[in-house]
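Given next are the chains, with one letter for each unit.
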Amino acid sequence: MSSAAEIDLEGPPAPLLEVRDLRVHFKTDYGVVKAVDGVSWHVNEGETLAIVGESGSGKSVSAMTILGLVPAPPATFPTGDVFLRGRSLLKMPEKQQRKLRGSQIAMIFQDPLTALNPVFKVGDQIAEMVRVHQDVSKHTAKKRALDLLGEVGIPNPAVRLNQYPHEFSGGMRQRAMIAMALANDPHVLLADEPTTALDVTVQAQIMALLEKLQDDRNTAIVLITHDLGVVASYADRINVMYAGKIVETGTADEIFYQPRHAYTFGLLSSLPRMDQRRQERLVPIKGLPPSLANVPKGCPFHPRCAFASDQCLPEVPQLRSVDGNGHLAACVHSDRVAMAHEERVVQ
Amino acid sequence: MSQGSEPQQGGVGVAEPNHRPMLEVDDLVKHFPIRSGVFIKRTVGEVKAVDGVSLHVHKGQTVALVGESGCGKSTTARAILRLLEPTSGRVALDGVDITGMGKEELRKTRREMQIVFQDPYASLNPRMTIRQILTEKYQLLGSKMTKSTISDLLDTVGLAEEYADRYPHEFSGGQRQRIGIARAIALNPKFIVLDEPVSALDVSIQAQIVNLLEDLQDELGLTYLFIAHDLSVVRHIADRVAVMYLGAVVEIADRDELFDRPHHPYTQALISAVPIPDPRLERQRERIVLRGDVPNPANPPSGCRFRTRCWKFEQLSESDARRCIEEPPPLVQVGGNSGHDAACHYASLREVVRA
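Given the structure is predicted, the values throughout are model-derived calculations rather than measurements.

## Quick notes on the sheet that holds strand E3 (residues 48–52) of chain A
Residue and element names in this part refer to chain A. With mixed pairing, the eight strands of this open sheet are ordered in space as E7-E8-E9-E3-E10-E11-E13-E12. Looking at strand neighbours, the two that pair on one side only are strand E7 (105–108) and strand E12 (320–321), the edges of this open sheet. In this structure, E7 lies alongside strand E8 (residues 188–192), joined through four bridges in parallel fashion. In the strand pairing of E8, isoleucine 108 is matched with alanine 191.

## Some details on the sheet that holds strand E8 (residues 223–228) of chain B
Hydrogen bonds between backbone groups are what pair the strands of a sheet, and the pairing can be parallel or antiparallel. Residue and element names in this part refer to chain B. One open sheet accounts for eight strands, arranged E6-E7-E8-E3-E9-E10-E12-E11; its pairing is mixed. Pairing within the sheet leaves two strands with one partner each, and these edge strands are strand E6 (113–116) and strand E11 (332–333). Note that strand E9 (residues 240–245) and strand E10 (residues 248–254) share six bridges and pair antiparallel. Looking at the pairing, tyrosine 245 lines up with alanine 248 of E10. Packing against the sheet, helix H9 (residues 265–273) makes contact with E9 and E10, and its axis sits at approximately 105° to E9.

## So, the environment of Val231(A)
Residues and elements named next belong to chain A. Considering the arrangement of structural elements, one finds valine 231 in helix H9 (residues 228–234). Residue valine 231 is classed as buried on the basis of its 24 C-beta neighbours within 10 Å. For the pair formed by valine 231 and arginine 85, sequence separation is 146 residues and the distance between their alpha carbons is 25 Å. Setting aside residues no more than four positions away along its own chain, valine 231 makes contact with Ala50, Val52, Thr225 and Ile238.

What counts and what doesn't
- The written sequence of each chain sets the order in which its residues are numbered from 1.
- Lettering of chains starts at A and numbering of ligands starts at 1, both following the order in which they are written.
- With pLDDT at 70 or above as the cut-off, local features in this predicted model cover only qualifying residues; side-chain atom pairs require 80 or more to be listed or tallied, and sums for whole chains, interfaces and linings still use all residues.
- Only strands joined by at least two bridges in the DSSP assignment are considered to pair.
- The secondary structure listing takes helices from DSSP runs of H or I that are at least 4 residues long and strands from runs of E that are at least 2 residues long, numbered from the N terminus.
- C-beta atoms are first placed from the backbone for all residues, and any pair lying within 7 Å is then listed as a contact.
- All axes are obtained by fitting lines to C-alpha atoms, using only the stretch in contact for helices, and the reported angles, taken between N-to-C directions, cover 0 to 180 degrees.
- Field definition: a residue is buried when 20 or more other C-beta atoms are found within 10 Å of its C-beta, exposed when 12 or fewer are, and partly exposed for counts in between, with C-beta atoms placed from the backbone.

In short, the description is geometric, and any link to function would need to be established separately.
Structure (structure tokens):
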């Protein structure tokens, strides 16, 4: 590992990456938009943590904040911190943060065409990434770029190295982005909707690639997505977000087979399933996700919730354990949700 | 609405076998010329976007057209509606040939066939209110309106009347899609193309729109051609599914038959690639991962177009494989089931949804 990381990775067994009580607010003409409002999670080596939510739930903003990609102003960070192996990232001087970005923590984005620079050759962009963090010659960096392109399964890497992003197909571009993200052997990979813009056949290729790289390098992956199918196939643990908050967290099996928050239950019930003969009707969640400038009082989900009652109104429900262990839900009606889910399964 | 009881041709319909299909598409072709040169443009090649597609859709039914981006599914739909002029082939709506129609006649027929686009924001004029957008429809296609027309129409798609005087940007994605649907059903069409109508919507909203489309179909007897890449939605909404690859239909069957007993290696790969929201099932499933990308449609492979990415082709002996290279496979009946056709020399059943 390069000297860039002045972080003791052999230190005490703190989680690899930890986000604690993070709040990201934006001041707008319509009021304060609470994009992320008190979110805590962690991820360990070799683990895949999924953050699921609909658009506007704050799932991307929390990841962008980790990398310092959220400009302040307009953003403010009323509370919260991010720890890499127990060391605070946000309190670190900007210069040191920069060193960690891309070397310890890397990110891949949904749309590789906008994330890649159209006027530079793909190989040069990857080599640049290497040279920013490692003290190597241009030649060595280019050689490394060539190896990386091969590793992510791009055919004819020597030719592809000297092509521009527009000469790549969508899947190839996403592979090039992954190559760039891997350039400095990061410990954590933040993947923000990495396959949303791709066809399912290409999605399968890209996810298989990420799984293989994770096995080889023991990388932690934070997978941000709205696709519950992808989550079911690849996540170890899941955070479900709604209106800037985590409303339920647990292992993949807990979330899918024992949902305890009305929103999680609603999402699972609304999905059409490819493996089942036609359901009579889909069961949608009524209404729309709230505007983050004007989140409903009490439980933010209550206006759309089939289980809502007066108990949901006085205060925002806090995450609490539903099994005495790591499965948490912020729902006053988690028992009723459990019963409703059992009934659905029996049907 | 379907008239006459002529014997059905082609044998690719399901219900009402004695009636003429609402939509008949026969050997539809759409080629785009590739031009080169600075002053004198010469045609140097062709992109065969749609290369001989035949489909029948019966009244009140939904046929889904699925495939990866660039497979020609949207071009097929646009050529059917003559939003793009087909290169050759025949399209008939309720027995009336559309392909030969002149401009005026086609314009009149437009009220019978409508389209809902994927991105309702791009397809609604941002400078017009919803009332203006919908009124324009009646004026352009020469239909009468009463005082309550707009409010009734909005009510049908689940929007309150007071929304009529708002602009598109004031609506959420799901609401905009409702407006797009209102515009399509305004003049009581017979047939609607739904071009990825729920792909851009959030999961919780998707189900609302799918239910709306199904309700409208039941109430108004609509016939749908549903273009999609999301096979989970297709399994729910379609009666029949056609899988396209590089401009041609490679497999077509009734919904459950296609998902439970797929015969073409491409259909099998496509279905197996779709993740199912069920972690235990996903742990057992074996995914067929195709190599590479879809080839350039200007220069498709010889013989079977899928062979360059086909997992089965790789397992064939050299002499068997030669057939795939030399001979384009015809779309023929498979699995002993009439109405189930596949275009593969070595078509055979492989279960992929739960295995």
